Protein chains: 2
Amino acid sequence: MAKQTTAPTMKDVAKEAGVSLGTVSKVINGIPVGEEYRKKVEQAIKTLDYRINSYAKGLKNNRTYTVAVILPNLLNPFFSMVAHYINRALVKHGYRMLLCDTDYDYTKEQEMVQMAEQNKVDGIIALTYNPDLKISPNVRSVSIDRYLSGNTPCVASDNYNGGRLAAQKLVENGCKNLAFLRIGSPIVGETNKRKDGFVAACEAMGVRCEIKNLNDPWDNGNFDPMKEFEAFLTEHLHDGKLDIDGIFCVTDRLAYQIVQLLKSMGVNVPDDVQVIGFDGLRTFGDMNYYCSTIVQPVEAMAETCVNLILAEPSATTPALLCLPVSYAYGGTTKA
Amino acid sequence: MAKQTTAPTMKDVAKEAGVSLGTVSKVINGIPVGEEYRKKVEQAIKTLDYRINSYAKGLKNNRTYTVAVILPNLLNPFFSMVAHYINRALVKHGYRMLLCDTDYDYTKEQEMVQMAEQNKVDGIIALTYNPDLKISPNVRSVSIDRYLSGNTPCVASDNYNGGRLAAQKLVENGCKNLAFLRIGSPIVGETNKRKDGFVAACEAMGVRCEIKNLNDPWDNGNFDPMKEFEAFLTEHLHDGKLDIDGIFCVTDRLAYQIVQLLKSMGVNVPDDVQVIGFDGLRTFGDMNYYCSTIVQPVEAMAETCVNLILAEPSATTPALLCLPVSYAYGGTTKA
């Protein structure tokens, strides 16, 4: 076959494969044809380096090749990491990302849902603190970290095992008196399981464990969570020595703040007390960890979300999918 | 007028204003009508709290109310900050953000340009290291930090003055022997002016200034910029004392690395040497600065980009728009 001077068309593919235009169209649009025909068409596509025009394709099968991604705030490095990897996974499949950074304004989320209902986007991947987000069952959707009403599957880290892992690591490193610190949304989400797993592991190992669990002060401007944590730690400080020697914080962000607080109280990290966070965030996105941490598999989570959005829903679609976490040393523990 | 029980329509607006439906349509779509009519329609829109349906509007005036935003990598906190504020500015104007995180793969950028040419998006805001990005003149576009070919206006921080400000602050804080350190793209962009402003201010103040300017090792895997900087600093270390007492780094990221390097060399920051970065990034997006820094006005830059994209191009559209920077103390200087 002579070298093409312009981009090959579906007609060229049909000619090269020796099949009808309709057969090429069926193969491209995923409609079953005889195995022999499918192979011929695929070979011709390869030979000609034929690129499927996704816009034309979209017009035919009513797809936009765009997925709406709802995140609370891109300034938070965990959310921007989620956006980065979801974008990468979408691009792999020839999809684009309509990104909605809600700034915690939930009316924006509902607009995205409306777009999905009007087939302006092919689906929604949402990480939200809005307990009232309603997505109709005919819209493809995936939630990260929390259960939404309806039949939206949820993708999360294995938070429970992450909590267990944190307790085990602290005990392995010689800690005997543990504490769990949390500040977060009062909404019950997957992340609450970090505490449950931590407490269960402490009980199983027969290790003391104190809990300080604060809810976000959505409606109370005078509430200062760091003051509460300082009061908690001060209670445990006797003659300049903390009677807690291992702390698990619900996020790296909190761990970072607690390490600063401990330093200001004259308590040495990790010699006097070891601290583990959760998320696996890195300084400037790719440098050192902020603290020793339970690393969320964000890239795998993003790929899982995209695979769920693009797959045909079926009886085997899971309600919850938890991906394995790992421990990373980041300087705030002894190992 | 009785209270509406359902959302008001254009017909309701026409009735309230006492004008024809066509007049309402013209006002909504920005087509000139008599001043008196325009006022009547605008008053009726206000009275009824009529919301323009942007999808219906889009169908009529060939707008998508979507702007493509091209960024290199959302893991980098500067780029995720840019995305956050552009999204906010777009939402203010009833627009949505199609976000393209290229992962430095420039074919993705060209796809966005194609979409804009096909009117799938209304414009492009791009921050790119691709010197070959071609945007046709009939596509509305704005570039951040670098000049693109064609008539794309460029929005940037006042990088030159930022460099001057850094030199002035270091000298104000008692420094007498300054250095500028840079690692970055070999492409000439707005950020190169940080050095120019710094050097000019040093010359004006009669202060010694050394330059170490490295290009990104795009094609040389063995090149380690931090080793180069270490060699540079070691040359200036005599009997454990650095003969440089003030360093301006081209980014906060580099400043953070240089501070770590100096500590490992036994040099105290800020007592022995003061360090200023550039960008104004905060730990976890909203906590303390990583270092003393020249703060880029990212929110104002984002709003400027969006205003330029949405405005009708005219003879007064600038080629370059530089927004004012400021200095922030972040612990790596004496004040």
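Residues numbered from 1 in each chain as written. Chains lettered and ligands numbered in written order. Predicted model: local features only at pLDDT ≥ 70, side-chain atom pairs only at ≥ 80, totals over all residues. Heavy atoms only, no water.

Enquirer: When you look at the overall build of chain A in this model, what are you seeing that I'm missing?
Expert: Scanning chain A from terminus to terminus reveals 11 helices and 14 strands. Against the globule reference of 20 Å for 335 residues, chain A gives a C-alpha radius of gyration of 25 Å, more extended than a compact globule. Projected onto its principal axes, the C-alpha positions of chain A cover 85 × 40 × 35 Å. Here chain A holds 335 residues, and the buried ones make up 49% of them. Carbon and sulfur atoms provide 50% of the accessible area of chain A, an area that totals close to 15300 Å². Here chain A holds 35 positive side-chain charges and 38 negative ones, and the gap between their average locations is 10 Å. (Helix = DSSP H or I, 4+ residues; strand = E, 2+ residues; numbered from the N terminus. Rg over C-alpha atoms; globule rule 2.2 N^0.38 Å. Buried < 20%, exposed > 50% of the residue type's maximum accessible area, 1.4 Å probe, protein only. Areas by Shrake-Rupley, 256 points an atom, 1.4 Å probe, with all protein chains shown as cover. Lys, Arg positive; Asp, Glu negative; His and termini not counted. Charge placed at Lys NZ, Arg CZ, Asp CG, Glu CD.)

Enquirer: Mind showing me how you'd approach the sheet that holds strand β11 (residues 274-279) of chain A here?
Expert: Paired through backbone hydrogen bonds, the strands of a sheet run either parallel or antiparallel to each other. All names here are of chain A. Read across the sheet, six strands follow the order β7-β6-β10-β11-β12-β14 without closing on themselves; strand pairing throughout is mixed. Strand pairing shows two members of the sheet lacking a second neighbour, β7 (208-215) and β14 (326-328), which therefore form its edges. Strand after strand, the sheet turns through a mean of 20 degrees between neighbouring axes, direction not considered. Sheet analysis places strand β6 (residues 177-184) next to strand β10 (residues 246-249), joined by four bridges and oriented parallel. In the strand pairing of β10, A179 is matched with I247. Strands in contact with helix α10 (residues 252-264) are β6, β10, β11 and β12 (292-295); relative to β11, the strand with the most contacts, it is inclined by about 155 degrees. (Pairing = 2+ DSSP bridges. Axes fitted to C-alpha atoms, helices over the stretch in contact; angles between N-to-C directions. Contact = heavy atoms within 4.5 Å.)

Enquirer: Before we go on, may I ask you to explain the pattern of salt bridges in this structure?
Expert: For side chains bearing opposite charge, pairing can occur when the charged atoms are close. Residue and element names in this part refer to chain A. Under the defined criterion, the tally for this structure stands at 24 salt bridges over all chains. Ionic pairing is found between R88 and E299, a salt bridge with its closest N-O pair at 3.1 Å. Taken together, the residues R88 in helix α5 (residues 77-92) and E299 in helix α11 (residues 298-310) connect sequence positions 211 residues apart. For R88, a relative accessible area of 29% puts it in the partly exposed group. Residue E303 is joined to K92 by a salt bridge in which the shortest nitrogen-to-oxygen separation is 2.8 Å. Pair noted here: E303 is in helix α11 and K92 is in helix α5, with a separation of 211 residues, a long-range link. Using a relative accessible area of 58% as the deciding quantity, one classes K92 as exposed. A single salt-bridge network, built from bridges that share partners, covers E35, R38 and E42. (Salt bridge = Lys/Arg side-chain N within 4 Å of Asp/Glu carboxyl O.)

Enquirer: Looking at this structure, I do not really get the pairing of strand β7 (residues 208-215) of chain B. What am I missing?
Expert: Each regular strand carries side chains that alternate between the two faces of the sheet. Pairing analysis gives eight bridges linking strand β6 (residues 177-184) of chain B to β7 of chain B, with the strands arranged parallel. The partner of R182 of chain B across the bridge, within β7 of chain B, is N213 of chain B.

Enquirer: In this structure, what is going on with the sheet that holds strand β4 (residues 141-144) of chain A? I would like to understand it.
Expert: The strand order across the open sheet formed by 12 strands is β13(A)-β5(A)-β4(A)-β3(A)-β1(A)-β2(A)-β2(B)-β1(B)-β3(B)-β4(B)-β5(B)-β13(B), and the pairing between neighbours is mixed. Of all the strands in the sheet, just β13 (320-323) of chain A together with β13 (320-323) of chain B have a single pairing partner and so form its edges. Recorded for the sheet is a direction-independent mean angle of 25 degrees between the axes of neighbouring strands. Bridging between strand β1 (residues 66-71) of chain A and strand β3 (residues 124-126) of chain A involves three bridges; their strand directions are parallel. Its bridge partner lying in β3 of chain A, I70 of chain A is registered against A126 of chain A.

Enquirer: Even after reading the chapter, I still don't get the interface of chain B and chain A, so can you show me in this structure?
Expert: Many structure descriptions define interface size as the accessible area lost when the parts assemble. Taken residue by residue, the interface counts 41 residues in chain B and 41 residues in chain A. Both faces combined, the contact of chain B with chain A buries some 3600 Å², and carbon together with sulfur accounts for 61% of it. At the junction of chain B and chain A, the tally comes to six salt bridges. With its nearest N and O atoms 2.7 Å apart, the salt bridge here joins D286 of chain A to R253 of chain B. At the boundary of chain B with chain A, the tally comes to 15 residue pairs in polar contact (both at pLDDT 80 or more). Among the elements of the structure, α5 (77-92), β2 (96-101), α6 (107-117) and α10 (252-264) of chain B are those that each provide at least two residues to the side of chain B that touches chain A. The element contributing the most residues to the side of chain B that touches chain A is α5 of chain B, with nine residues. Its residues placed into classes, the side of chain B that touches chain A shows 19 nonpolar, 12 polar and 10 charged. The pairing of strand β2 (residues 96-101) of chain A with β2 of chain B spans three bridges and is classified as antiparallel. (Buried area = accessible area lost by both parts, 1.4 Å probe. Polar contact = N/O pair within 3.5 Å; in protein donor to acceptor, adjacent residues only side chain to side chain. Nonpolar A, V, L, I, M, F, W, Y, C, P; charged D, E, K, R; others polar.)

Enquirer: How should the relation of the copies chain B and chain A be read in this particular structure?
Expert: Each of the two copies of the chain can be brought onto the other by a rotation about an axis and a shift along it. Under the fitted operation, chain B is carried onto chain A by 0.1 Å of movement along the axis and a turn of 179 degrees, and the coordinates agree to an RMSD of 0.4 Å. Those values place the two copies in the arrangement expected of a two-fold rotation axis. Looking at the rotation axis and the C-alpha trace of chain B, the residue lying nearest is L98 of chain B, at 2.1 Å. (Least-squares fit on C-alpha atoms with pLDDT ≥ 70 in both.)

Enquirer: When you look at the packing of helix α2 (residues 21-28) of chain B against helix α3 (residues 35-48) of chain B in this model, what are you seeing that I'm missing?
Expert: The geometry of a pair of packed helices is captured by two quantities: the angle between their axes and the separation between those axes. Residue and element names in this part refer to chain B. Packing of α2 against α3 brings their axes to within 10 Å, and their N-to-C directions diverge by 85 degrees. The angle between α2 and α3 falls in the class roughly perpendicular. When α2 is examined against α3, the residues T23, V24, V27 and I28 are found in contact with a partner set consisting of Y37, R38, V41, E42 and I45. A per-class count over the contact of α2 with α3 returns six nonpolar, one polar and two charged. (Parallel < 35°, antiparallel > 145°, perpendicular 65-115°, else oblique.)

Enquirer: I keep staring at the nonpolar core and nothing clicks. Help me out?
Expert: The tendency in soluble globular proteins is for nonpolar side chains to be buried side by side. Grouped together as the largest cluster of nonpolar side chains are 152 residues, with contacts concentrated most on I86, I247 and L262 of chain A together with I86, I247, I258 and L262 of chain B. Sequence-distant contacts of L262 of chain A, defined by excluding residues within four places in its chain, comprise L233, L242, I247, V267, V269, V273 and V275 of chain A. Core analysis: the next-biggest nonpolar cluster, separate from the first, contains 30 residues, V121 of chain A together with L98, V121 and L133 of chain B among them. (Core = buried A, V, L, I, M, F, W, Y, C linked by side-chain atoms within 4.5 Å.)

Enquirer: What is the right way to look at the packing of helix α7 (residues 159-172) of chain B against helix α8 (residues 193-205) of chain B in this model?
Expert: All names here are of chain B. At a closest axis distance of 6 Å, the pairing of α7 and α8 adopts a crossing angle of 40 degrees. Here α7 lies oblique to α8, going by the angle between them. Of the two elements, α7 crosses α8, and the hand of that crossing is right-handed. On α8, the residues touching N159, Y160, G163, R164, A166, A167, Q168, L170 and V171 of α7 are K193, R194, D196, G197, F198, A200, A201, C202 and M205. Each residue belonging to the contact of α7 with α8 can be placed in one class, and the counts come to 10 nonpolar, four polar and four charged. (Left-handed = near helix turned anticlockwise from the far one by under 90°.)

Enquirer: Which parts of the structure should I look at to understand the pairing of β2 of chain B?
Expert: Residues and elements named next belong to chain B. Judged by how many residues are buried, β2 sits mostly within the fold: six of six residues are covered. By the alternation rule, side chains of β2 split into R96, L98 and C100 and M97, L99 and D101, which are all buried. For strand β1 (residues 66-71) and β2, the ladder comprises six bridges, and the chain directions are parallel. Residue pairing across strands places T66 opposite R96, the latter belonging to β2. Handedness of the crossover joining β1 and β2 through α5 is recorded here as right-handed. (Right-handed = clockwise from strand over helix to strand, strands pointing away.)

Enquirer: Which parts of the structure should I look at to understand the environment of P324 of chain B?
Expert: All names here are of chain B. In this structure, P324 sits in the loop between β13 and β14 (326-328). Through-space distance from the C-alpha of P324 to that of S157 is 6.3 Å; in sequence the pair is 167 residues apart. Look past the residues within four positions of P324 in its chain and what remains in contact with it is D158 and P297.

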